[in-house]
Amino acid sequence: MYAQLVETGVKRLKSLDEMSAQERAFQQRIDDEIKIEAKNWMPDAYRQTLIRQISQHAHSEIVGMLPEGNWVTRAPTLKRKLQLMAKIQDEAGHGLYLYSAMETLGADRDSEIAKLHNGKAKYSSIFNYPTLSWADMGVVGWLVDGAAIVNQVVLQRTSYGPYSRAMIRICKEESFHQRQGYEMLLTMMRHGTQVQKDMVQDAINRLWWPALMMFGPSDEHSPNSAQSMAWKIKRQSNDELRQRFIDQTIPQLELLGCSVPDPALKWNAERGHYDFGEIQWDEFYEVLKGNGPCNQERVATRRQAIEDGAWVRAAAVAHARKKHNKIAA
Ligand code: BYC
């Protein structure tokens, strides 16, 4: 496996002979499926790759609250409002577990968040698309959380212990999110008016391709994959996970009685998978560069939230100091 990655990786990997004794022992530990913990020695590039991925993952959870937050005050019933608020709070919790996992690698939370606010850090491309109707709340739960689960179930077995353990709890909560989204769509499709059914189809049409882009560039254009697979940070490739997501989502789509905006989508009995059309990678890279429909709005909203909350942080610090001084006196 390792030798094969050395041969085929987009970035050339060090061969076992080129590694120091310490690096070889580290790779052996990974090959033996022993988790890497915060106190263990690790190559700096492994640490940096994890800080990059985990911080981006945490930012995605936090920015991911915004498209849904847009609909809290317009939820159609009390039950739907409570569900949506619970889901958004879960996403905040995921962000916090992930920032904590990132801190175990020596990264500073404030500096990583500052990178999000000055546009230097990435977060999932999907959250740069607007949520235009109530049906988007169902489709985000079903497709966006659904895609996130397919990626995250595998991350439960990632080689870095604190990240892997954070993912176990996150996956449990994401499954609930996916189900509540799907249940909302089933209700609209089975009992809704024609206008509501059209809203569901329209939301799927807008979010289908961006959901497929969540898995990242195709394998031959994914610069980080070979090394991340060798280190078992990633356990399955971007294309494998995208295919799994499509294969498990299409039967659910059929049960809804909806379609996806892809004329090339077709079951391929020989491969045992669905074939699908070309992803518009130009659009993906434009979104990554900051030119998606909502990039500026999302980052500006987060920046504003930090500024608006400055007095709360200052008050908390003042309170903690006062308490500390009392204890010391
Ligand atoms: N969006 O070499 P590659 C959620 C970047 S949120 C933006 O394949 P890698 C939820 C990539 O970072 C779920 N950027 O990279 C929350 C890299 O750039 P850098 C979020 C993307 O890291 C609220 C470059 O493209 N999930 O659950 O090996 C409500 C080349 O890509 C994207 C995670 O973050 C993208 N879609 O693989 C609802 C999962 N794709 O950093 C739901 C954890 C790629 O070199 N992350 N890029 O400048 C991962 O599993 C991996 O980082 C990825 C990318 C599969 C996403």
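Conventions used here
- Residues numbered from 1 in each chain as written.
- Predicted model: local features only at pLDDT ≥ 70, side-chain atom pairs only at ≥ 80, totals over all residues.
- Heavy atoms only, no water.
- Near = heavy atom within 4 Å.
- Polar contact = N/O pair within 3.5 Å; in protein donor to acceptor, adjacent residues only side chain to side chain.
- Areas by Shrake-Rupley, 256 points an atom, 1.4 Å probe, with all protein chains shown as cover.
- Helix = DSSP H or I, 4+ residues; strand = E, 2+ residues; numbered from the N terminus.
- Nonpolar A, V, L, I, M, F, W, Y, C, P; charged D, E, K, R; others polar.
- Phe/Tyr/Trp six-rings, centres within 6.5 Å; stacked < 30°, edge-to-face > 60°.
- Buried < 20%, exposed > 50% of the residue type's maximum accessible area, 1.4 Å probe, protein only.
- Patch = residues over 30% accessible without salt bridge, like charges linked within 9 Å, V, L, I, M, F, W, Y side chains within 5 Å.
- Salt bridge = Lys/Arg side-chain N within 4 Å of Asp/Glu carboxyl O.

- Taking an unreviewed UniProt entry as the reference, the protein is identified by name as 1,2-phenylacetyl-CoA epoxidase subunit A belonging to Pseudomonas donghuensis.

**A short note on the site of the ligand**
So, point 1. The full set close to the ligand counts 34 residues, and Arg52, Gln56, Lys122, Ser222 and Lys234 are the nearest of them.
So, point 2. Between the ligand and Met213, the relevant distance is 3.3 Å, taken from a nitrogen atom to a main-chain nitrogen or oxygen of the residue.
So, point 3. Interatomic distance of 3.3 Å between a backbone N/O atom of Pro223 and an oxygen atom of the ligand.
So, point 4. For the ligand, whose unbound accessible area comes to 1000 Å², protein coverage reaches 90%.
So, point 5. For the shell around the ligand, the secondary-structure elements that each account for two or more residues are helix 3 (44-63), helix 5 (78-103), helix 7 (135-155), helix 8 (161-191) and helix 12 (281-291).
So, point 6. Per-class residue counts for the shell around the ligand are 13 nonpolar, 13 polar and eight charged.

**A few points about the packing of aromatic side chains**
So, point 1. All chains considered together, the criterion is met by 10 aromatic pairs.
So, point 2. Both rings, one in Trp281 and one in Phe284, keep their centres 5.3 Å apart while their planes meet at 85°; by these two values the pair is edge-to-face. On the criterion of helical spacing, the pair formed by Trp281 and Phe284 is a turn pair, its members being three residues apart in helix 12.
So, point 3. The buried category is assigned to Trp281, whose relative accessible area is 17%.
So, point 4. Where Phe284 meets Tyr285, the ring centres are 5.1 Å apart and the plane angle is 75°; that geometry is what we call edge-to-face.

**As for a nonpolar patch on the surface**
So, point 1. On the surface, Leu78, Leu82 and Met85 cluster together into a nonpolar patch covering about 300 Å² of accessible area.
So, point 2. Following the sequence through the fold, Leu78 ends up in helix 5.

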